[in-house]
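Below, each chain spelled out in residue letters.
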Amino acid sequence: MALVAALLVLTGIVAGAVNAIAGGGPLVTLAGMVAIGVDPKVANLTSTVALSPGQIVVGAQTWRRFRSLPPESHALIARKGIAVVSGALGGAAGALLLLHTDPASFRRIVVWLVLFATGIYALSGRGSPQASG
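In this text the structure is predicted, and so the values were computed from the model without any measurement.

(A) Region of the structure containing the overall build of the chain. Within the chain one finds 5 helices and 0 strands. Listing each helix as α and each strand as β along the chain from the N terminus yields α-α-α-α-α. Relative to its full complement of 133 residues, the chain shows a buried share of 16%. Of the contacts made within the chain by residues no fewer than 6 positions apart, 49% connect residues no fewer than 24 positions apart. Split by element, the accessible area of the chain, about 9,500 Å² in all, is 73% carbon and sulfur.

Rendered as structure tokens:
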């Protein structure tokens, strides 16, 4: 039991670091909890609640940075606003799915949801300017 607890703590630390750097920490915690036998619906909810404080801190730091941008950066802020709105809509859709799906069905579709989220993370950097060396 102590080994399982230690692995979960390590998973939480890794997920928090991943979240702070690039997002996607819930993929780490969800996989870790499902691997030890936690129901995927419970693992998803636990992961979201556990990582929320870190997300709030990172969001506040990002907001502070955006507030200090010069006025010509308003287009960037508008794009980030669109990302916030689409994220909120996606979160609401995910919450409804979680609430209205029985555990057996959720267990079958969670793999596809994680694959979809991984694809979004993988493609999220496309189209952004690359730094020239």
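(B) Highlighting the environment of Ser47. Here Ser47 is to be found in helix α3 (residues 40-67). The class of Ser47 is buried, set by a relative accessible area of 2%. Between the C-alpha atoms of Ser47 and Pro26, which are 21 residues apart in sequence, the distance is 5.8 Å. Each residue touching Ser47, except ones within four places of it in the same chain, is listed here: Pro26, Thr29, Leu30 and Met33. For Ser47, the side chain forms a polar contact with the side chain of Thr29, separated by 2.3 Å.

(C) Geometry of helix α2 (residues 25-35). By the burial criterion, the buried members of α2 are Gly25, Thr29, Leu30, Gly32 and Met33. Relative to the axis of α2, the buried residues are bounded by an arc of 165° and lie together on one face. Looking at the buried positions of α2, the neighbouring elements they touch are α1 (2-21), α3 and α5 (103-123). Positive phi appears at Gly37, one or two residues downstream of α2, with a value of about 105°.

What counts and how
Residues numbered from 1 in each chain as written. Predicted model: local features only at pLDDT ≥ 70, side-chain atom pairs only at ≥ 80, totals over all residues. Heavy atoms only, no water. Helix = DSSP H or I, 4+ residues; strand = E, 2+ residues; numbered from the N terminus. Buried < 20%, exposed > 50% of the residue type's maximum accessible area, 1.4 Å probe, protein only. Contact = heavy atoms within 4.5 Å. Areas by Shrake-Rupley, 256 points an atom, 1.4 Å probe, with all protein chains shown as cover. Polar contact = N/O pair within 3.5 Å; in protein donor to acceptor, adjacent residues only side chain to side chain. Arc of directions from axis to C-beta.

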